Amino acid sequence: MQLTQEELEIFNGEKGPVMQKLMQTIVRFGDCFGAKKLVNLDGPMHLVNTTAMAGLDSIYDILDQLIEAGFKTKQPFTTDPWPMDMVNIKTTDEERAEFLRIYEPQERYLKQLLALGLINEEAFSCACYLPQIGNIPKEGQRLAWAESSAVVYVNSVLGARTNRNSAYIELFCNILGKAPEFGLLKDENRKAPWLVDIQTSKKPNGQVLGSVIGRKVVEDVPYIIGLDRFLTDISDFDTQDYLKDLGAAAASNGAVGLFHVENVTPEALRYGRKLLLDDYQTFVVTDQVIEDTVVSYPVLWNNKDDTPVLCLIGCPHLSLNQVNYWYHQIEKELNNRNMKSLAVQTVLLTAKPVISEFKKNPDDFEKLSAFGVTLSNTCPIMYMNNPLCASRPVITNSNKARTYSTSRFFEDSELLDIIVSGKIKGGKNE
Amino acid sequence: MSKSFKGRVIINGKLTGNALVTHQGFNICATYFRGITVKSPLCWDQNNKDLYQKTLNDKILCLPKGIGSTTGGMFLQCAADNGIAPLAMLYSEHVDSVSVAGIIISDVWNDKKIITVDELGDEFLSMVQDGDKITIEEDGTVIVE
C-alpha cells in the first residue's frame with residue numbers, strides 16, 4: 001500500500017506505539033485485499049459491539065491502551081443494543097445472576113465506549129439508521145462500519161459505501177479517519193456476479209429470502225430481479241423494513257454486504273442491469289426453494305415438542321412501522337378469538353427512541369401492555385447467550401437470531417398464531 | 001500419497017498437525033459465541049454439519065472462507081487469547097474481511113499468531129480430509145499426507 005508521508009510516520013511509530021499498532025493493523029488488513037491507499041472517511045460511524053463478556057478481556061485491554069493514549073473517534077458514534085434487559089423480559093433470580101456473571105465487564109466497557117466517542121446511553125441499536133435514532137449516512141459517503149445488518153442496509157438501501165469490516169477494525173479506522181480502499185468502497189466491486197431471479201408465486205418472507213440468497217451467494221453481490229413485483233418504492237416504510245430484514249438474513253446466513261433490487265434500490269435504479277458482471281451466474285428462487293430452506297432450519301430446543309414460553313420479535317431492531325404492524329396484528333387476532341391477552345410472553349425489540357415515539361400515544365402503549373407485550377431495547381441474541389434462557393423454548397421470526405441462538409424460527413403468520421394460541425400447529429401439544 | 005499446495009502467507013509459521021475440514025463457510029461468531037465465556041474449544045455452530053461440536057484448538061482448520069456476523073473477528077482474536085482458536089487456518093479461497101481482522105489484531109496487539117495461508121485452491125479443500133497430517137512451511141507451502 002502506498003502511504004502518504006504523514007501515514008508513514010504513524011506506521012513507523014513517530015506518533016507513539018499505540019497509534020503505530022492501530023496503523024499497522026489497518027495497513028495489514030488493507031494489504032490482504034490489495035488496497036493501494038487509505039481514503040478519508042466522510043460519513044458517520046456505528047460500532048458493532050456493545051457487549052462485554054467474560055472471555056473477551058483482550059479487547060478491553062486494547063481499548064484501555066487507546067483511551068490512555070488519548071484517542072477517540074473523529075465523529076461520535078452509535079452502537080448495537082445493550083445486552084441485558086431484566087425489566088421488560090421476565091427474568092428469574094437464577095437468570096439474573098447468570099446475566100450479571102456473563103456480562104460482568106459491561107459497566108467497565110460502557111465507560112470505555114463513552115471515552116472513545118459513544119454519543120450517549122440512548123444510542124444503542126443495530127438499526128441506528130432508523131429516523132428516530134438518526135445516524136443515517138448519505139448516498140455515496142465513505143464509511144467504516146461493521147454491524148453486518150447495518151452494513152448491508154446502508155450499502156444497499158441508502159447507497160453509502162462501507163466494507164463488512166470486522167469489529168474494532170471499524171473503531172480503528174474511525175479513530176484514524178481513514179480506511180483502506182478496497183471492496184465495496186470501489187465502483188467495480190459493487191457490481192453483481194449473481195442474477196437472482198425471484199419466480200415465487202407470492203411475496204416471499206424477507207427473512208427467508210435473505211437466508212436463501214446468503215447461503216447461495218455467500219459474500220458476493222446479488223442483483224435481484226422479480227422482487228419489484230411485490231415492493232413499492234424505497235421511500236415506503238414497508239419496503240425499507242422488508243429490505244432491512246432481508247439484508248440481515250443474507251448477512252448472517254452468508255456474508256452479503258450489498259445487494260441490488262431491480263427498480264427499487266438506489267444503484268439499481270440508476271444503473272439497472274449494467275450492474276451485472278459480464279460472466280454473471282443465475283440463481284432462480286421458486287416457492288420450492290423457499291419451502292425447502294425453511295424445512296432445513298434445525299430445531300435446537302431440548303424437547304422439540306415443548307410449548308413456547310417466550311417470543312422475541314425484532315432482530316434487527318424493529319422500526320416504528322413494524323412495532324405498529326405487530327401491535328395491530330396482535331390486536332386483530334385477539335379480537336378475532338375473543339381473547340384479551342397473548343398465551344406466550346412476547347417482546348418487541350427496538351431502540352429506546354422508537355419506544356419513546358410509540359409511547360407518545362399512551363392508549364396504544366396501555367393496550368399493548370394489556371395484551372402481554374413488552375417493548376425492550378435489548379438484543380435477542382445476547383439474551384439467548386444466557387444458557388438458562390437458551391435452554392427454554394423460545395420462538396422468533398428473525399433469521400439472524402435463529403442463526404446465532406437456540407430460538408426457533410417461524411414466519412410471521414405462524415408466529416402470530418402461536419403467540420395467541422400458545423400452541424404450535426402440528427405439534428404434540430396442539 | 002502426499003500432495004503439496006502453495007498459498008499466500010497471511011501469518012507465517014512452520015507447523016505440523018492434523019486437519020479439521022469444513023466445506024462450507026466458517027461462521028466464527030456462531031462457532032464461538034456460546035462457548036467463549038467458558039473457554040470452550042468446541043464449535044457451537046449448529047448450521048455447520050462438518051464442525052458442530054468438534055474440538056478446534058488442537059487442529060489445523062481447512063476452510064473455504066469465513067462467513068457470518070462481523071463480530072466474528074473479535075471472537076477469533078479472543079479465542080486465540082484464550083487458547084481455543086485453531087492452531088492454523090488454511091483457506092482454499094481468498095480470506096474474508098471478518099476472520100482475517102481477528103487474525104491480524106491478535107498478531108499485532110496480543111502477539112498471538114494463528115498461522116494463516118489463503119488461496120490454496122479448490123483442489124486442496126476437495127482432497128484434504130479430517131485427521132490428515134498437514135505440514136505448513138514458512139513460505140505458504142502446505143503438504144497434505
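Up top you'll find the structure we're talking about.
Quantities reported herein were computed from a predicted structural model and do not represent experimental measurements.

Chemist: How would you explain the layout of surface pockets if you had to name every residue and give the values?
Modeler: Once rolled over the atoms, a probe with the size of a water molecule shows which space is left empty. Taken as a whole, the largest pocket encloses approximately 870 Å³ of empty space. Along the walls of the largest pocket sit 29 residues, with A:Pro204, A:Asn205, A:Gly206, A:Tyr242 and A:Asp412 positioned nearest its centre. For the lining of the largest pocket, the secondary structure elements donating two or more residues are helix 8 (206-217), helix 9 (237-253), helix 11 (287-296), helix 12 (320-336) and helix 18 (412-421) of chain A. Split by domain, the lining of the largest pocket shows at least three residues from each of two domains, domain 2 (191-296) and domain 3 (310-421) of chain A. In this structure, the second largest pocket spans a volume of roughly 690 Å³. The wall of the second largest pocket is formed by 31 residues, among which A:Gly183, A:Leu184, A:Asn189, A:Glu219 and A:Asp220 lie closest to the centre. For the lining of the second largest pocket, the secondary structure elements donating two or more residues are strand 6 (66-67) and helix 3 (97-110) of chain B. The residues that make up the lining of the second largest pocket include at least three from each of domain 1 (5-183) and domain 2 (191-296) of chain A.

Chemist: Any details on the interface of chain A and chain B? Residues and values, ideally.
Modeler: With 52 residues of chain A at the interface, the matching set in chain B holds 38 residues. In this assembly, chain A packs against chain B so that about 3700 Å² is buried in total across both faces, 62% of it on carbon and sulfur atoms. Of all residues in chain A, the largest losses of buried area upon contact with chain B belong to A:Arg28, A:Cys32 and A:Tyr404, amounting jointly to 17% of the total for that side. For the pair chain A and chain B, the number of links is two salt bridges.

Chemist: How would you sum up the nonpolar core? Please name residues and give values.
Modeler: Of all hydrophobic cores here, the largest spans 104 residues; its most connected members are A:Leu66, B:Tyr32 and B:Phe75. Summarising the domain contributions, this core has at least three residues from each of domain 1 (5-183) and domain 3 (310-421) of chain A. For A:Leu66, the contacting residues outside a window of four places in its chain are A:Val18, A:Leu22, A:Phe71, A:Leu116, A:Leu171, A:Phe172, A:Ile175 and B:Trp109. Grouped together as the second largest cluster of nonpolar side chains are 67 residues, A:Ala150, A:Val344, A:Phe410 and A:Ile424 included.

Chemist: Lay out the sheet that holds strand 11 (residues 373-376) of chain A with the relevant residues and their values.
Modeler: Residues and elements named next belong to chain A. Here we have five strands laid out as an open sheet, ordered 11-10-9-12-13, and parallel in their pairing. Of all the strands in the sheet, just strand 11 and strand 13 (408-409) have a single pairing partner and so form its edges. Two elements, strand 10 (residues 345-349) and strand 11, share four bridges in a ladder whose sense is parallel. Pairing of leucine 349 across the sheet is with serine 376, part of strand 11. Across the sheet, helix 18 lies against strand 9 (310-313), strand 10 and strand 12 (394-396), angled at about 145 degrees from strand 12, the strand it touches most.

Chemist: An account of the packing of aromatic side chains is needed here, citing residue identities and associated values.
Modeler: Residues and elements named next belong to chain A. Here the structure, examined in full by the defined rule, presents 15 aromatic pairs over all chains. Between phenylalanine 99 and tyrosine 103, the ring centres sit 6.3 Å apart and the planes meet at 20 degrees, which makes this aromatic pair stacked. The pair phenylalanine 99 / tyrosine 103 is uniform in exposure class, with both members buried. Taking 5.7 Å as the distance between ring centres and 85 degrees as the angle between the ring planes, the aromatic pair formed by tyrosine 327 and phenylalanine 358 counts as edge-to-face. Taken together, the residues tyrosine 327 in helix 12 and phenylalanine 358 in helix 13 (residues 352-358) connect sequence positions 31 residues apart. Overall, the relative accessible area of 1% leaves tyrosine 327 in the buried class. The class for phenylalanine 358 is buried, based on a relative accessible area of 4%. Every member of this aromatic cluster is reached through a ring pair, and the members are Phe29, Phe33 and Phe182.

Chemist: A description of the packing of helix 2 (residues 17-32) of chain A against helix 3 of chain B should follow, citing residues and the corresponding values.
Modeler: The N-to-C vectors of helix 2 of chain A and helix 3 of chain B enclose an angle of 145 degrees; their axes lie 10 Å apart at closest approach. Judged by the twist between their axes, the crossing of helix 2 of chain A over helix 3 of chain B is right-handed. Contacts between helix 2 of chain A and helix 3 of chain B pair A:Val18, A:Lys21, A:Leu22, A:Gln24, A:Thr25, A:Arg28, A:Phe29 and A:Cys32 from the former with B:Ser97, B:Val100, B:Ala101, B:Ile104, B:Ile105, B:Asp107, B:Val108 and B:Trp109 from the latter.

Chemist: Describe in detail the side chain of A:Glu331, supporting the description with residues and values.
Modeler: Topologically, A:Glu331 is positioned in helix 12. Polar contacts involving the side chain of A:Glu331 include one to the side chain of A:Lys367, which spans 2.5 Å.

Chemist: Kindly report on the pairing of strand 5 (residues 192-198) of chain A, identifying the contributing residues and their values.
Modeler: Residue and element names in this part refer to chain A. Summarising burial for strand 5: seven of the seven residues are buried, a large majority. As judged from the six bridges shared by strand 5 and strand 8 (residues 276-285), these two strands associate in the parallel manner. Opposite aspartate 197, over in strand 8, you have valine 284 as the bridge partner. Relative to strand 6 (residues 222-225), strand 5 is paired through four bridges, and the arrangement is parallel. Looking across to strand 6, one finds that valine 196 is bridged to isoleucine 224. Crossover strand 5 to strand 6 through helix 8 is right-handed.

Analysis parameters
Residues numbered from 1 in each chain as written. Chains lettered and ligands numbered in written order. Predicted model: local features only at pLDDT ≥ 70, side-chain atom pairs only at ≥ 80, totals over all residues. Heavy atoms only, no water. 1 Å grid on protein atoms, 1.4 Å probe; cavity = no way out; pocket = protein on both sides within 12 Å on 5 of 7 lines; lining within 4 Å. Points joined across faces, edges and corners; volume = space filled by probe spheres on them. Helix = DSSP H or I, 4+ residues; strand = E, 2+ residues; numbered from the N terminus. Domains from an automatic or database assignment. Contact = heavy atoms within 4.5 Å. Buried area = accessible area lost by both parts, 1.4 Å probe. Salt bridge = Lys/Arg side-chain N within 4 Å of Asp/Glu carboxyl O. Core = buried A, V, L, I, M, F, W, Y, C linked by side-chain atoms within 4.5 Å. Buried < 20%, exposed > 50% of the residue type's maximum accessible area, 1.4 Å probe, protein only. Pairing = 2+ DSSP bridges. Axes fitted to C-alpha atoms, helices over the stretch in contact; angles between N-to-C directions. Phe/Tyr/Trp six-rings, centres within 6.5 Å; stacked < 30°, edge-to-face > 60°. Left-handed = near helix turned anticlockwise from the far one by under 90°. Polar contact = N/O pair within 3.5 Å; in protein donor to acceptor, adjacent residues only side chain to side chain. Right-handed = clockwise from strand over helix to strand, strands pointing away.

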